[in-house]
Amino acid sequence: MDPTVVTVQAKYLMNPKDQGVAGVLMVTARGLKFTPHNPSVSLEMMDVDFAVIKSHTVSKETPKMKKAFMKLSTEVEDRAYLFEFQNFQEREMCRDVVANALAKQKPSSSSSIQPPSSTTPSRPLTNSVQAASGKSVSGATDQLDLVGMERRLKLLQGDSALQKLHKQLVINGILSEHEFWAARKNVLDGEKAQGPKQQTGIRSAMLADVRPLTDGRTNKVTFNLTPEIIHQIFAEKPAVHRAFLMNVPSKMTELAFWTKYCRAEYLYRTKNAAAAAAEAADDEDLAVFTKEDDIVLSSSRRKIQRVDPTLDMAADSNDDYLSISGHGVVRDGMKESMEPTESTRKHSIVHGINRHAAVVLDGRPLDTELTDTATVAHAVARAQQMESAEAETDTEFQKRRMERVHQMTEMDDLKGPSSSSFVPLTIQDPRKYFDSTIPTGELTKTGAIPTPRSALEVVHGFKQQVSGLLISGFKDPLISPELSYKILADVTQTIVRRQHTMGTTTADRQNILDSFPHTTREEVMTHVATVNELLRHFWASYPLTSALLVQKVVRLKDAMSGIYKRIQESKEAAPSEIRHLFSQLLQPLVQALDAAFAHYDTESAKR
Amino acid sequence: MSSAMSAARSDDVSAVVILLDVNPYFWGTKTSTGFTFEQFFQHVLVFINCILLLSHLNQVTVIAMGASACTFLYDSAAIDGTASGRSKRDKQPESRSTTITQKLQEFVKKDEAAETNLAPVENQFSNLSGSLSMALCYIQRILRKPTAPPQPRILCVQGFPDAPQQYIAVMNSIFSAQRCSVPIDACIVGSQHSAFLQQASHITGGIYMKPPQPEGLFQYLMMVFATDLYSRQFLQLPRSAGVDFRASCFCHKRTIDMGFVCSVCLSIFCKHHKACSTCGANFNVKKGGQKRKQPSS
């Protein structure tokens with residue numbers, strides 16, 4: 001038999017505005033059953049298995065909210081069940097059972113958990129909740145579905161301090177799970193938004209591993225092409241891609257296509273120009289692979305046209321080693337002229353590297369899985385289409401070009417004075433600012449400001465003293481030894497006392513925590529974290545509006561007393577040399593706890 | 001202290017600029033401790049001699065702060081240059097103390113002659129801002145000499161309480177001192193603490209002290225203020241517990257704890273103004289009005 005059975009009075013509503021059909025709702029570990037009181041109503045007994053239920057939401061418990069709703073959504077066409085309970089306690093009980101059941105059954109379900117794809121089912125859920133419920137269910141509903149649990153677990157695993165706090169508070173029953181995470185909603189949402197942390201990039205091997213395995217004994221060369229490599233080939237060599245789209249699967253099979261391609265590559269690699277030319281003459285398709293990639297050529301031509309006309313390229317024309325065969329070095333007194341035929345490729349490694357770099361910088365256009373070559377080809381075609389559609393139109397480009405040309409050819413001398421974007425500092429009345437001897441108001445009272453009458457006497461007295469300086473000479477001894485010894489002792493005392501209370505140097509003062517032994521430091525941190533958490537929940541519970549809050553406050557107060565005692569004990573137990581600093585550190589905590597206790601006492605005395 | 005500053009302080013040579021408070025309105029009145037100006041001056045003279053004895057490379061400069069003017073009383077670097085010339089002529093070279101005392105007497109006489117009528121109550125403050133500026137300019141000058149003394153510092157011996165109307169000028173000097181890494185030490189012989197000098201020593205990394213027994217001033221000076229900057233790294237010196245960070249308002253020159261600050265030039269006012277008197281920024285924000293100030297033609 002099911003151990004946990006909750007039976008409550010509830011109403012089943014078709015929509016939030018509905019009056020509802022009164023009945024009895026029985027929640028078991030397997031599912032829930034609803035039996036209406038009045039059998040004459042069209043609605044029969046409802047028996048919903050938890051396997052069907054995807055998630056549940058509840059309405060928030062606020063003073064304004066009188067109705068306690070719970071909504072269960074299923075996978076079946078967004079069919080949802082909305083129940084209204086008589087009070088919030090019953091709703092809580094049901095909610096707990098439902099949550100446990102859902103959590104228990106979820107690991108058995110086979111849905112793959114990927115954070116980006118799993119947020120999509122929960123988002124329409126939120127939308128439907130908000131749309132359907134309108135004002136009855138407030139926006140901050142609690143979704144205890146699998147995704148939420150996943151996120152919480154991940155968060156707990158990532159942060160050990162949080163885990164310790166969670167263990168201390170929630171497992172010991174002081175705070176409920178719901179309250180604990182309610183305060184950390186923003187952290188959870190941050191987790192959700194992150195998604196996959198990193199995208200895998202494009203390999204920069206540049207088809208190096210398309211290097212074939214040559215078998216010494218037999219005359220066979222094996223090429224190994226994976227969908228990743230095929231994707232890269234299509235991205236870097238648009239002519240090959242075009243040929244693929246044209247030929248496969250209409251004219252030849254994929255295998256044949258790749259055989260031809262690999263053959264061409266192999267011949268090119270072995271620098272067998274003559275053989276390549278011969279083969280190309282025979283086979284039209286092979287010729288495609290051996291010739292230049294004309295798509296790349298046309299695009300590079302277009303790019304050259306877009307170069308800034310103000311760039312001075314004349315200086316670099318002599319440095320173009322690539323186009324001059326033999327790198328400009330004259331051999332045997334004559335210029336080598338090896339006219340490359342049209343059929344062979346004259347692009348060098350540099351071109352290949354540049355093309356590869358351009359592809360890498362464009363980013364990885366595909367997100368879908370690379371399973372089949374055909375899909376790869378189509379995906380690359382789609383991406384290229386999008387790219388060309390996004391490219392700026394010609395007119396706008398021309399306009400920007402003209403602007404740049406204007407900018408470069410402007411002469412600074414002919415420009416008018418520019419209005420600066422900031423306002424230079426002008427002090428309106430420098431005298432008032434700088435002159436210190438002409439005050440304009442009253443003064444603070446000082447110790448001895450004599451009246452004008454006695455000022456005269458004062459000045460006279462001073463002048464007499466000054467004129468008598470040389471005559472009187474020095475006193476011998478200048479300062480009595482007892483007095484100087486006393487002063488010496490006093491100053492030393494002051495220094496030592498200050499050192500004792502505040503640390504030897506300023507550097508030490510800042511690293512008080514580090515000067516503690518490790519265990520003490522850990523203790524301090526845990527105490528601080530726990531007390532802060534408890535106090536936060538404590539102060540958030542006031543004003544006490546419901547019995548639930550009262551219970552919560554009582555629980556929190558007991559926990560706080562426990563912590564208080566523990567803090568006192570640890571203060572006693574601290575090693576003697578750091579006891580003073582230790583108790584000073586914990587002093588604000590103790591004060592905060594005292595304030596909380598006082599508040600609790602006054603509040604309970606009032607009630 | 002930044003590491004750059006401590007790297008430069010590798011020797012225990014000091015160049016001290018002493019600012020002496022010779023305000024007649026302070027020294028003329030009988031203080032509760034009976035510490036007369038005579039005693040004070042003697043202590044300071046012996047202290048100067050002691051500093052010059054600590055190391056032959058030490059330099060001392062003395063500036064006197066009057067109520068309305070300041071003047072150089074003594075400069076050990078300048079005297080040394082001409083000492084040899086003078087000793088040939090005079091049978092008895094003048095002692096340092098005599099020189100300083102004579103100069104002080106001249107200064108006081110000149111000061112008195114300049115004021116035909118006594119200064120009103122508001123002007124009886126010591127001219128701290130003027131003397132600080134003089135000291136800083138002097139330090140800048142000697143730092144540019146070929147034989148620049150390392151690590152100059154300023155020691156300010158003040159009796160009269162702060163002048164709130166000098167707040168702006170004093171803060172400017174303090175920041176310039178911080179910029180040139182010149183610590184400002186402060187020794188208060190009066191009865192009240194000085195907020196300006198507390199801030200000065202806090203910002204520049206100097207020492208602030210108010211001796212509880214001014215008759216033993218010499219002992220305090222030797223214990224605390226004779227230490228050079230290099231030795232301060234490993235000597236334990238009395239640090240003040242807290243700093244009084246009160247400012248004076250710019251409009252009435254009163255000391256205030258809370259006030260209004262102009263967001264453009266950071267001037268402080270004690271009550272709300274429509275426009276800042278220092279930079280002219282307009283504080284009235286009209287509805288839908290311009291957010292940025294247009295330069296006034």
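Residues numbered from 1 in each chain as written. Chains lettered and ligands numbered in written order. Predicted model: local features only at pLDDT ≥ 70, side-chain atom pairs only at ≥ 80, totals over all residues. Heavy atoms only, no water.

Visitor: So what about the overall build of chain A? Which residues, and what values?
Guide: Within chain A one finds 24 helices and nine strands. Burial statistics for chain A: of 607 residues in total, 31% are counted as buried. Sequence separation of at least 24 residues holds for 59% of the intrachain contacts in chain A that already meet a minimum separation of 6. Per element, the accessible surface of chain A, about 39,000 Å² overall, is 55% carbon and sulfur. (Helix = DSSP H or I, 4+ residues; strand = E, 2+ residues; numbered from the N terminus. Buried < 20%, exposed > 50% of the residue type's maximum accessible area, 1.4 Å probe, protein only. Contact = heavy atoms within 4.5 Å. Areas by Shrake-Rupley, 256 points an atom, 1.4 Å probe, with all protein chains shown as cover.)

Visitor: So what's going on with the overall build of chain B? Residues and values would help.
Guide: Scanning chain B from N- to C-terminus turns up nine helices and ten strands. Scored against the burial criterion, the 297 residues of chain B give a buried share of 52%. Residue pairs in contact within chain B that sit at least 24 positions apart in sequence constitute 65% of those at least 6 positions apart. On chain B, roughly 14,000 Å² of surface is accessible, and the fraction owed to carbon and sulfur atoms is 54%.

Visitor: Lay out the confidence of the model for chain B in plain terms, naming residues and giving numbers.
Guide: Residues and elements named next belong to chain B. Taken over all residues, the pLDDT of chain B has a mean of 81, while the share at 70 or more is 82%. Note on residues 1-7: pLDDT is under 50 here. Beyond four places in sequence and across chains, it has four contacts. Here the prediction assigns the complex a pTM of 0.47, and the interface score ipTM is 0.76. (pLDDT = per-residue confidence, 0-100.)

Visitor: Report on unusual backbone geometry, specifying residues and quantitative values.
Guide: Residue and element names in this part refer to chain B. Within the chain, Ser-181 stands out as a residue other than glycine whose phi angle is a positive 50°. As for its placement among the helices and strands, Ser-181 is situated in the loop between α7 (167-179) and β5 (184-188). On the basis of relative accessible area, Ser-181 is assigned to the partly exposed category, the value being 24%. Positive phi is not limited to glycine here, since Leu-266 has a value of about 65°. Judged by its relative accessible area of 61%, Leu-266 falls in the exposed class.

Visitor: Outline the confidence of the model for chain A, supporting the account with residue identities and numerical values.
Guide: All names here are of chain A. Per-residue confidence for chain A averages 68 on the pLDDT scale, and 51% of its residues sit at or above 70. This model gives residues 339-344 a pLDDT under 50, and the stretch forms seven contacts once residues within four places in sequence are excluded. Here residues 438-450 scores under 50 on pLDDT; set against residues more than four positions off or in separate chains, the count is 25 contacts.

Visitor: Help me get a handle on the sheet that holds strand β1 (residues 15-21) of chain B, residues and values and all.
Guide: Residues and elements named next belong to chain B. A sheet is described by the order of its strands in space; here six strands give the open sequence β3-β2-β1-β4-β5-β6, paired in mixed fashion. Unpaired on one side and paired on the other, β3 (70-75) and β6 (208-209) mark the two borders of the sheet. Pairing geometry for strand β4 (residues 152-158) and β5, over five bridges, is parallel. In the sheet register, Gln-158 faces β5, and the bridge partner there is Ile-188. Seen against the sheet, helix α8 (residues 195-204) touches β4, β5 and β6 and runs at an angle of roughly 150° to β5. (Pairing = 2+ DSSP bridges. Axes fitted to C-alpha atoms, helices over the stretch in contact; angles between N-to-C directions.)

Visitor: Give a detailed account of the nonpolar core, specifying residues and quantitative values.
Guide: All names here are of chain B. Core analysis: the largest hydrophobic core is formed by 53 residues, its most contacted members being Ile-18, Phe-37, Phe-40, Phe-47, Leu-104 and Phe-225. The element that contributes the greatest number of residues to this core is helix α3 (residues 37-54), accounting for eleven residues. Once residues lying within four places of it in the same chain are set aside, the contact partners of Ile-18 are Phe-47, Ile-48, Val-60, Thr-61, Val-62, Ile-63, Leu-155 and Val-157. (Core = buried A, V, L, I, M, F, W, Y, C linked by side-chain atoms within 4.5 Å.)

Visitor: Residue-level account of the pairing of β1 of chain B, with values.
Guide: Residues and elements named next belong to chain B. Of all seven residues in β1, seven are buried; the element is thus mostly enclosed. As judged from the seven bridges shared by β1 and strand β2 (residues 59-65), these two strands associate in the parallel manner. Along β2, the bridge assignment pairs Val-16 with Val-60. Here six bridges tie β1 to β4, and the two strands are oriented parallel to one another. Considered in β4, the bridge of Ile-18 is made with Leu-155.

Visitor: If you had to explain the pattern of salt bridges to someone new, which residues and values would you point to?
Guide: This model, assessed by the stated rule, comprises five salt bridges over all chains. In this structure, Arg-536 of chain A engages Glu-533 of chain A in a salt bridge whose closest nitrogen and oxygen atoms are separated by 3.2 Å. Separated by three residues within a single helix, Arg-536 of chain A and Glu-533 of chain A lie in helix α22 (residues 518-541), roughly one turn from each other. Because the salt bridges share partners, they merge into one network encompassing Arg-153, Asp-185 and Arg-232 of chain B. (Salt bridge = Lys/Arg side-chain N within 4 Å of Asp/Glu carboxyl O.)

Visitor: An account of α22 of chain A is requested, with residue identities and associated values reported.
Guide: Across its 24 residues, α22 of chain A extends 35 Å between first and last C-alpha, which sits within 8% of the 34 Å expected from 1.5 Å per residue. Among the residues of α22 of chain A, those classed as buried are Thr-520, Val-524, His-527, Thr-530, Val-531, Glu-533, Leu-534, Leu-535, His-537, Phe-538 and Ser-541 of chain A. (Expected span 1.5 Å × (residues − 1).)

Visitor: Talk me through the packing of aromatic side chains; I want residue IDs and the actual numbers.
Guide: All names here are of chain B. Applying the stated criterion to the full structure yields 16 aromatic pairs over all chains. Consider the rings of Phe-37 and Phe-41, whose centres lie 5.7 Å apart with planes at 20°: the pair is stacked. Remark: Phe-41 and Phe-37 occur in helix α3; sequence separation between them is four residues, near one turn of the helix. In this pair, the class of Phe-37 matches that of Phe-41, namely buried. Taken together, a centroid distance of 6.4 Å and an interplanar angle of 65° make the contact between Phe-250 and Phe-269 edge-to-face. Taken together, the residues span a long stretch of sequence, with Phe-250 in the loop between β7 (247-248) and β8 (255-256) and Phe-269 in strand β10 (residues 268-269) at a distance of 19 residues. The same class applies to Phe-250 as to Phe-269, namely buried. Among the aromatic residues, those joined into a ring-pair cluster are Phe-26, Trp-27, Phe-35, Phe-37, Phe-40, Phe-41, Phe-125 and Phe-160. (Phe/Tyr/Trp six-rings, centres within 6.5 Å; stacked < 30°, edge-to-face > 60°.)

Visitor: For the pairing of β5 of chain B, give the residues involved together with the corresponding values.
Guide: All names here are of chain B. Of all the five residues making up β5, five are buried; the element is thus mostly covered by neighbouring parts of the structure. Along β5, one buried face is formed by Ile-184, Ala-186 and Ile-188 and the opposite face, lined by Asp-185 and Cys-187, is buried too. The parallel pair β4 and β5, bridged by α7, forms a crossover whose chirality is right-handed. Inspection of the sheet shows β5 paired to β6 by two bridges, in the parallel sense. Note that in β6 the partner of Cys-187 across the bridge is Met-209. (Right-handed = clockwise from strand over helix to strand, strands pointing away.)

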